[in-house]
Amino acid sequence: MDISVSEREQFIFKKIAKAAEELNLQAFLIGGFVRDKIIGRNTKDADIVCLGDGIVLANKVAEKFHPKPPVSFFKNFGTAQIKLPDIEIEFVGARKESYQLNSRKPEVIPGTLEDDQNRRDFTINALAISLNSNDYGSLIDPFNGLKDIREACIQTPLEPLQTFSDDPLRMMRAIRFAAQLKFEIAETTLNAIKQDADRIKIVSQERITDELNKIMLSEKPSVGLDLLSKTGLLQIIFPQMMALHGAEYVDGKGHKDNFYHTLQVIDNISEKTNDLFLRWAALLHDIGKPATKRFEEGHGWTFHGHEAVGARMVPKIFTRLKLPLNEKMKQVQQLVELHLRPISLTKENITDSAVRRLLFDAGEHIDALMLLCEADITSKNKQKVKRFLQNFEMVRERMKEVEAKDHLRNWQPPITGEMIMQTFGIDPGRNVGIIKDAIREAILDGVIPNNYLAAHAFMLEKAGELNLYPV
């Protein structure tokens, strides 16, 4: 083969070649698998295109394995899939497809290998390897995709406006590949994205968000996010993010560009974690700044309350982007709301009470919060960065001390609302909340220890102030 494959992969491709020969079909390995093998990236997905019925070929291939693997097929799309323990293989008949001006669904008709390669998004994804006996293993590269891989260049096989008009999501895919592969987008291709950006509106939100998440999970997400901004796509798909752009000066006093600060923060956190939603928390940590920006005479620019405003924006952003509205969203919201708290602790003599409150409010996400806060240090002053990191380490040490003593992580007060109602024979209402809050605050402030007996005694005392007595 013209690409380097493992013995296991060679064994599988020989079986596919044999099945295709028995059906008198021509078959080719095509797309991302070929690209990644040439680049040297790990890949577990292979696409097979045949001149005929891909579903029939998939069933024939499955019969070559013992035990026979199940075949998933999608008649509407003419595709089938076989999942083996070490690789997933998708089969499809060669085809021509195009999109009408305002349609999200392509018109598809059978085609040749050349037709199929023409419809590919980029030259680096149009490479094919023959699985046919007369030229098994030979590379078919009509658009010099191999050259583009060597030159780290992303460009379309046909005229870019036509390629993007056929499927506008390819504009985001170009940017995603640039971020993932560390390739450059060819100037003509990049200009076409800028020119055709508005057409992204016909693509479903789910497909857009899938690409956005892949950009977020790349090694350096700022590369893709900056390209989304510069091409005009970000203004359409995520305008709240674009609103962070720009630095304004009044009377010689300015503020940093919060867009590029945010990109630095997401790159910083990406060096420490592959968790998609921690990266989303980094992306959204200052999203409330445009709405809270004020200039105060004699002081300069302020963004008071931007963490609370940003936290309230999170559910709306997740809803619009069709991101999950579950615990992951709540985690991001909590991290956005609390991201200034650890920093504020470094500016004062840290009391046990302040540490307890942070541990209580952050709960199981305290480690993620500290990771976000450290990523939020983007100063070019190395001494300043060193000082901040030392302060954060001091906060971590104090949290360990308080946690070891009080066990407040994921803590719930020892007296519940049910206990209060049973003790005093009262129904749910304002007094239950007053007593419950008072117990919690007393424990967090260190007025009483974190145990049932102390909390119960304090409950009786507080209830007495409200003229409530045990029944």
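In this text, all values refer to a predicted model and were calculated from it rather than measured experimentally. (Residues numbered from 1 in each chain as written. Predicted model: local features only at pLDDT ≥ 70, side-chain atom pairs only at ≥ 80, totals over all residues. Heavy atoms only, no water.)

A. Region of interest: the overall build of the protein chain. When helices and strands are tallied, the protein chain shows 24 helices and 15 strands. Here the C-alpha radius of gyration of the protein chain, 29 Å, is well above what a compact globule of 471 residues would show, namely 23 Å. Seen through its principal axes, the protein chain has C-alpha atoms that stretch 90 × 65 × 40 Å. Counting every position in the protein chain, which comprises 471 residues, the buried fraction comes to 50%. Accessible area for the protein chain stands at about 23100 Å²; split by element, carbon and sulfur atoms hold 49% of it. Where the 63 positive side-chain charges of the protein chain centre and where its 66 negative ones centre are 0 Å apart. (Helix = DSSP H or I, 4+ residues; strand = E, 2+ residues; numbered from the N terminus. Rg over C-alpha atoms; globule rule 2.2 N^0.38 Å. Buried < 20%, exposed > 50% of the residue type's maximum accessible area, 1.4 Å probe, protein only. Areas by Shrake-Rupley, 256 points an atom, 1.4 Å probe, with all protein chains shown as cover. Lys, Arg positive; Asp, Glu negative; His and termini not counted. Charge placed at Lys NZ, Arg CZ, Asp CG, Glu CD.)

B. Layout of the environment of Lys64. With respect to the helices, strands and loops of the structure, Lys64 is situated in the loop between α3 (54–62) and β3 (71–74). Sequence separation of Lys64 and Gln412 is 348 residues, and the distance between their C-alpha atoms is 58 Å.

C. Structural view of the packing of helix α22 (residues 417–424) against helix α24 (residues 452–465). Following both chains from N to C, one finds α22 and α24 inclined at 55°, their axes separated by 12 Å at the closest point. The orientation of α22 relative to α24 falls into the category oblique. Along this stretch, α22 crosses α24, giving a crossing that reads as right-handed. Here α22 contributes Met419, Ile420, Thr423 and Phe424 to the contact with α24, which in turn contributes Tyr452, Met459, Leu460 and Ala463. (Axes fitted to C-alpha atoms, helices over the stretch in contact; angles between N-to-C directions. Parallel < 35°, antiparallel > 145°, perpendicular 65-115°, else oblique. Left-handed = near helix turned anticlockwise from the far one by under 90°. Contact = heavy atoms within 4.5 Å.)

D. Looking closely at unusual backbone geometry. For the bond running from His66 to Pro67, omega is 0°, close enough to zero to count as cis. If you trace the backbone, Pro67 turns up in the loop between α3 and β3. Even without being glycine, Lys182 reaches a positive phi, approximately 60°. By secondary structure assignment, the location of Lys182 is in the loop between α7 (169–181) and β11 (184–185). Despite not being glycine, Asn467 shows a phi value in the positive range, around 60°. Tracing the chain through its elements places Asn467 in the segment after α24.

E. The nonpolar core, seen in detail. Grouped together as the largest cluster of nonpolar side chains are 113 residues, with contacts concentrated most on Leu57, Leu228, Phe238, Trp280 and Leu284. When residues no more than four places from it in sequence are discounted, the contact partners of Leu57 are Ile16, Ala19, Ala20, Leu23, Leu25, Ala27, Ile48, Cys50 and Phe91. If you look at the next biggest cluster of nonpolar residues, it comprises 18 residues, including Val432, Ile439, Ile443 and Met459. (Core = buried A, V, L, I, M, F, W, Y, C linked by side-chain atoms within 4.5 Å.)

F. Examining the pairing of strand β1 (residues 27–30) more closely. Taking every second residue as pointing to the same face, both faces of β1 are buried, with Ala27 and Leu29 on one and Phe28 and Ile30 on the other. Strand direction decides the pairing type here: β1 and strand β2 (residues 45–50), joined by four bridges, are antiparallel. Bridging from a neighbouring strand, Leu29 pairs with Ile48 of β2. (Pairing = 2+ DSSP bridges.)

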